[in-house]
Amino acid sequence: MSSSSAAPGRGDGTGTAGATDAAGGRPPMREALVAAAFRLFLERGYEQTTVDDIVTLAGVGRRSFFRYFPSKEDVVFPDHERCLADMTAFLAASPKDTDPVARVCDAARLVLRMYAENPDFSVQRYHLTKKVPGLRAYELSVVWRYERALADYLRGRLGGRPDGALRADVIAAAVVAAHNNALRSWLRSGGRDDAAAAVDHALGYAQSAFGGVPVSPASGERGDVVVVVARRGAPLWQVVREVEAAFADG
């Protein structure tokens with residue numbers, strides 16, 4: 001899964017911010033805006049940076065900024081909408097016989113991959129978000145959307161079971177908590193630790209607790225019914241043998 005994030009530029013401050021493309025030209029406008037924004041956030045502070053400051057450094061107009069980002073907060077999280085869409089599509093394409101808990105764990109790994117593709121940017125965003133309460137609140141709303149995507153998928157798979165909706169919500173929350181625990185540990189290391197290993201360990205813990213949850217038959221589907229006729233007073237071992245034989249024959 002590709003990420004749309006761009007690392008803050010390290011230019012000399014004259015002209016547009018951010019790295020140029022392979023041909024030596026200007027970077028794509030979206031990436032140029034992200035790079036300009038983070039450069040200013042790091043130099044001046046988030047609250048002291050305006051949208052006008054960002055577009056001036058990027059060399060574009062205000063309309064161009066709002067074509068890509070509804071608000072200044074959105075430029076801090078330029079990659080999450082695409083990642084959420086990728087996660088939703090991944091879950092929708094799940095085979096019917098897939099273990100639903102394993103599937104949501106794999107979906108969570110898509111988020112980790114997005115962060116790990118650009119460690120410098122991810123670490124800078126982590127430190128910036130810690131300093132700005134408004135960004136922290138925005139980030140929590142993003143996390144909630146990921147959790148709801150996982151829960152909606154699980155409700156579709158487990159909803160027909162007793163407490164299916166409850167199970168779905170609890171499992172989704174546990175998977176997100178495990179993922180975020182490992183992700184924050186990796187970010188605190190400055191992106192130097194093995195992110196994939198940390199997340200695999202954390203998600204393995206969640207999967208060991210909730211994995212193997214029986215899945216309800218899909219709507220309209222019915223499982224095979226086996227009827228065994230046994231003589232009254234027949235020993236239990238004989239009844240069990242008859243049941244085993246019936247299933248073996250099926």
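Structure: above.
Residues numbered from 1 in each chain as written. Predicted model: local features only at pLDDT ≥ 70, side-chain atom pairs only at ≥ 80, totals over all residues. Heavy atoms only, no water.

1. Focus: the overall build of the protein
(1) Moving on: Across its full length, the protein carries 11 helices and 0 strands.
(2) Moving on: Along the chain direction, N to C, the helices and strands of the protein fall in the order α-α-α-α-α-α-α-α-α-α-α.
(3) Moving on: If you sum the accessible surface of the protein, you get close to 13800 Å²; carbon and sulfur atoms cover 53% of it. (Helix = DSSP H or I, 4+ residues; strand = E, 2+ residues; numbered from the N terminus. Areas by Shrake-Rupley, 256 points an atom, 1.4 Å probe, with all protein chains shown as cover.)

2. Here we look at the packing of helix H7 (residues 119-131) against helix H8 (residues 133-158)
Each pair of packed helices can be described by the angle between their axes along with the distance between the axes.
(1) Moving on: Remark: H7 packs on H8, axes separated minimally by 5 Å, with the N-to-C direction vectors making an angle of 115°. Considering their axes alone, H7 and H8 lie roughly perpendicular with respect to each other. Contacts from Leu 128, Thr 129 and Lys 131 in H7 reach Pro 133, Leu 135, Arg 136 and Glu 139 in H8.
(2) Moving on: Each residue belonging to the contact of H7 with H8 can be placed in one class, and the counts come to 3 nonpolar, 1 polar and 3 charged. (Axes fitted to C-alpha atoms, helices over the stretch in contact; angles between N-to-C directions. Parallel < 35°, antiparallel > 145°, perpendicular 65-115°, else oblique. Contact = heavy atoms within 4.5 Å. Nonpolar A, V, L, I, M, F, W, Y, C, P; charged D, E, K, R; others polar.)

3. Quick word on unusual backbone geometry
(1) Moving on: Even without being a glycine, Asp 163 presents a positive backbone phi close to 60°.
(2) Moving on: Note on placement: Asp 163 falls in the loop between H8 and helix H9 (164-188).
(3) Moving on: Among the residues examined, Asp 163 registers a relative accessible area of 55% and is labelled exposed. (Buried < 20%, exposed > 50% of the residue type's maximum accessible area, 1.4 Å probe, protein only.)

4. Comments concerning the pattern of salt bridges
(1) Moving on: On inspection of all chains with the given rule, the structure shows 10 salt bridges.
(2) Moving on: With its nearest N and O atoms 2.8 Å apart, the salt bridge here joins Asp 52 to Arg 62. Note that Asp 52 is positioned in helix H2 (residues 51-58) and Arg 62 in helix H3 (residues 62-68), a separation of 10 residues in sequence.
(3) Moving on: You can call Asp 52 partly exposed: its relative accessible area is 39%.
(4) Moving on: A residue is classified by how much of its surface remains accessible, and Arg 62, at 41% relative accessible area, is partly exposed.
(5) Moving on: In this structure, the salt-bridge partner of Asp 79 is Arg 125, at a minimum N-O distance of 2.9 Å. Of the two residues, Asp 79 is situated in the loop between helix H4 (72-76) and helix H5 (80-92) and Arg 125 in helix H7; the sequence distance between them amounts to 46 residues.
(6) Moving on: Of the residues examined, Asp 79 reaches a relative accessible area of 2% and is grouped as buried. (Salt bridge = Lys/Arg side-chain N within 4 Å of Asp/Glu carboxyl O.)

5. Quick notes on the side chain of Lys 72
(1) Moving on: Looking at the element boundaries, Lys 72 is found in helix H4.
(2) Moving on: Within the structure, Lys 72 has its side chain in polar contact with the backbone oxygen of Thr 49 (distance 2.7 Å).
(3) Moving on: Among residues more than four places away in sequence, those in contact with Lys 72 are Phe 41, Tyr 46, Glu 47, Thr 49, Val 51, Ile 54 and Phe 65. (Polar contact = N/O pair within 3.5 Å; in protein donor to acceptor, adjacent residues only side chain to side chain.)

6. Digging into the packing of aromatic side chains
(1) Moving on: Under the defined criterion, the tally for this structure stands at 7 aromatic pairs.
(2) Moving on: When the centroid spacing of 5.6 Å and the interplanar angle of 50° are considered together, the rings of Phe 65 and Phe 69 count as tilted. Of the two residues examined, Phe 65 and Phe 69, each falls in the buried class.
(3) Moving on: Relative to Tyr 138, the ring of Phe 77 lies with its centre 5.0 Å away and its plane at 15°, an arrangement referred to as stacked. Highlighted residues: Phe 77 in the loop between H4 and H5 and Tyr 138 in helix H8, separated in sequence by 61 residues.
(4) Moving on: Take Tyr 138: its relative accessible area is 21%, and that puts it in the partly exposed class. (Phe/Tyr/Trp six-rings, centres within 6.5 Å; stacked < 30°, edge-to-face > 60°.)

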